[in-house]
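Descriptive analysis of the structure
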Amino acid sequence: SSFLELLPAVISQVIDEIEIEQRLAHTEQALKTSESNFRQIFEQSGRAIFVQQEASFVLINSAFEELFEYSKDELLSDDFDFLELVHDEFRDKIKSRELNRLLGNSVKKDFDFQAISKSGRIIDAVVSTSKITWNGKSASLGILNDVTEYKKFQDEIRKSAKLESLGFLASGVA
């Protein structure tokens, strides 16, 4: 008779455990889906995206690799110095900005600079950075836009406007 008295409690406990396992399986599936969605956004973005801790990259997407012409292994290596990606004329500006950020000083979220690819191609870039926590440590999330073609287009428009105004002045003189 004591077994029959315990039976409802045992059945209730088994049902609770099954429900917990079902919720856990559902949560694991939701986590896998979320991770897959994030990975797709990260990898399919046309923008170069990176996470940097101290002077090292800890995460980069394929657009970053393509833009700078370095492999993921090269960029994520502890030996890789991110300043190799910065044109000489902008290194002091970037070092100063990074030092201020590390010291906790406020720095502009968006800034422009000239970068340089592995082959030496100069890249006009605008980067937007945010402070994040990555694996329990402070880090920077960056999204970099290559604006080289845009700047060339702007320069052509300026040159065209100058020539047009010179032509207008010359026609007024004649």
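In this text the structure is predicted, and so the values were computed from the model without any measurement.

**Considering the packing of aromatic side chains**
By the definition in use, this model includes eight aromatic pairs. Considering the side-chain rings of Phe38 and Phe42, the 5.8 Å spacing of their centres and the 20° angle between planes classify their relative orientation as stacked. Of the two residues, Phe38 and Phe42 both sit in helix 1 (residues 2-44), four residues apart, roughly one turn of that helix.

**A few points about the pairing of strand 1 (residues 48-53)**
For strand 1, the tally of buried residues reaches six of six residues, placing the bulk of the element in the interior. Alternating positions in strand 1 separate into two faces, Ala48, Phe50 and Gln52 on one and Ile49, Val51 and Gln53 on the other, with burial throughout. Note: strand 1 against strand 5 (residues 137-146), five bridges, orientation antiparallel. Each residue of the ladder has a partner; that of Val51, found in strand 5, is Leu141.

**Concerning helix 4 (residues 91-102)**
Taking 1.5 Å as the rise per residue, helix 4 with twelve residues should run 16 Å; its terminal C-alpha atoms sit 16 Å apart, in good agreement. For helix 4, the full list of buried residues reads Ile94, Arg97, Glu98 and Arg101. Take helix 4 and look down its axis: the buried residues cluster within an arc of 95°, on one side only. Directly beyond the C-terminal end of helix 4, a positive phi value near 85° is found at Gly104.

**Structural notes on a negative patch on the surface**
Together, Asp16, Glu17, Glu19 and Glu21 give the surface a local cluster of negative charge. Looking at the secondary structure, you find Glu19 in helix 1. Owing to a relative accessible area of 37%, Glu19 belongs among the partly exposed residues under this scheme.

**A short note on unusual backbone geometry**
For Glu69, which is not a glycine, the phi torsion comes out positive at approximately 65°. Topologically, Glu69 is positioned in the loop between helix 2 (62-68) and helix 3 (72-76). The exposure class of Glu69 is partly exposed, given its relative accessible area of 33%. Positive phi, close to 50°, is recorded for Asn135, a residue that is not glycine. When you line up the elements, Asn135 lands in the loop between strand 4 (122-134) and strand 5. By relative accessible area, Asn135 is classed as exposed at 71%.

**Notes on the sheet that holds strand 1**
Sheet architecture is open: five strands sit in the order 2-1-5-4-3, paired in antiparallel fashion. Taken across any chain shown, the strands that pair with only one partner, and hence form the sheet edges, are strand 2 (56-60) and strand 3 (110-116). This sheet shows a mean twist of 35° between the axes of neighbouring strands, independent of strand direction.

Definitions and cut-offs
Residues numbered from 1 in each chain as written. Predicted model: local features only at pLDDT ≥ 70, side-chain atom pairs only at ≥ 80, totals over all residues. Heavy atoms only, no water. Phe/Tyr/Trp six-rings, centres within 6.5 Å; stacked < 30°, edge-to-face > 60°. Helix = DSSP H or I, 4+ residues; strand = E, 2+ residues; numbered from the N terminus. Buried < 20%, exposed > 50% of the residue type's maximum accessible area, 1.4 Å probe, protein only. Pairing = 2+ DSSP bridges. Expected span 1.5 Å × (residues − 1). Arc of directions from axis to C-beta. Patch = residues over 30% accessible without salt bridge, like charges linked within 9 Å, V, L, I, M, F, W, Y side chains within 5 Å. Areas by Shrake-Rupley, 256 points an atom, 1.4 Å probe, with all protein chains shown as cover. Salt bridge = Lys/Arg side-chain N within 4 Å of Asp/Glu carboxyl O. Lys, Arg positive; Asp, Glu negative; His and termini not counted. Charge placed at Lys NZ, Arg CZ, Asp CG, Glu CD. Axes fitted to C-alpha atoms, helices over the stretch in contact; angles between N-to-C directions.

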